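# Overview (structure and organization)
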Amino acid sequence: MAGLLVNGRDIEVDVEPDTPLLWAIRENLGLTGVKYGCGIGACGACTVLIDGAAARACTVTVADAAGRKITTIEGLADKGMLHRVQQAWVDVDVPQCGYCQTGMIMAVVALLNEKPQPSDADIDAAITNICRCGTFQQVRAAIHAAIKA
Ligand code: FES
Ligand code: FES
């Protein structure tokens, strides 16, 4: 058993301590906004926030995440209001298939937590998520919209 604090709720999950956080979130908690892409920390599809910073959940164990504040895409909206990054994604109409997009959004939220006014170089350094549909130009446009919001 491991205790996780996910989207403001204390939750017990019945998994081995070395289970990747990705699987505990998806399989045990049923929060399927966290996507599996590569399983080796390369694609960013599984990005969540841990204590406000971006983390690739396939590379973090449940034991390492225990007691820390985990946020998934399901926990971003507040009182029915989309987070400004989510709203920018809607306004700019970013997604194509959508598979990578939750990880993209979480990575951008983490970037803006750390740097509210990131430069293009900051964006290039921080947002290394892979999109097989090639939405990168729309992602950049949405990031700039979110910065101004
Ligand atoms: S599934 Fe975690 S980085 Fe690709
Ligand atoms: S929108 Fe399809 S993988 Fe990014």
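A short tour of the structure in this document, coming up. None of these values were measured; they are calculated from a predicted model.

### Observations concerning the sheet that holds strand β2 (residues 9-13)
Pairing is mixed in the open sheet, where five strands are placed in the order β2-β1-β5-β3-β4. For this open sheet the edge positions go to β2 and β4 (53-56), each flanked by a neighbour on one side alone. Strand-to-strand, the axes of this sheet are offset by a mean angle of 40°, without reference to chain direction. Taken together, the two bridges between strand β3 (residues 47-50) and strand β5 (residues 69-71) define a ladder with antiparallel strand orientation.

### Structural notes on the nonpolar core
In this structure, Val85, Trp89, Met104, Ile105, Val108, Ile127 and Ile143 are the most contacted members of the largest nonpolar core, which totals 26 residues. Every element with two or more residues in this core is listed here: α3 (84-92), α4 (101-114) and α6 (136-148). Counting residues per element, this core draws most heavily on α4, which supplies nine residues. Setting aside chain neighbours within four positions, we find Met104 in contact with Trp89, Ile127, Asn129, Ile130, Cys131, Phe136 and Val139. Within the second largest apolar cluster, 22 residues are counted, among which are Leu4, Val15, Ala24 and Ile70.

### Things to note about unusual backbone geometry
Positive phi, normally seen in glycine, also occurs at Asn7, with a value near 50°. Structurally, Asn7 is set in the loop between β1 (2-6) and β2. Note on Asn7: relative accessible area 26%, which makes it partly exposed.

What counts, and where the lines are drawn
- Residues numbered from 1 in each chain as written.
- Chains lettered and ligands numbered in written order.
- Predicted model: local features only at pLDDT ≥ 70, side-chain atom pairs only at ≥ 80, totals over all residues.
- Heavy atoms only, no water.
- Pairing = 2+ DSSP bridges.
- Helix = DSSP H or I, 4+ residues; strand = E, 2+ residues; numbered from the N terminus.
- Axes fitted to C-alpha atoms, helices over the stretch in contact; angles between N-to-C directions.
- Core = buried A, V, L, I, M, F, W, Y, C linked by side-chain atoms within 4.5 Å.
- Buried < 20%, exposed > 50% of the residue type's maximum accessible area, 1.4 Å probe, protein only.
- Contact = heavy atoms within 4.5 Å.

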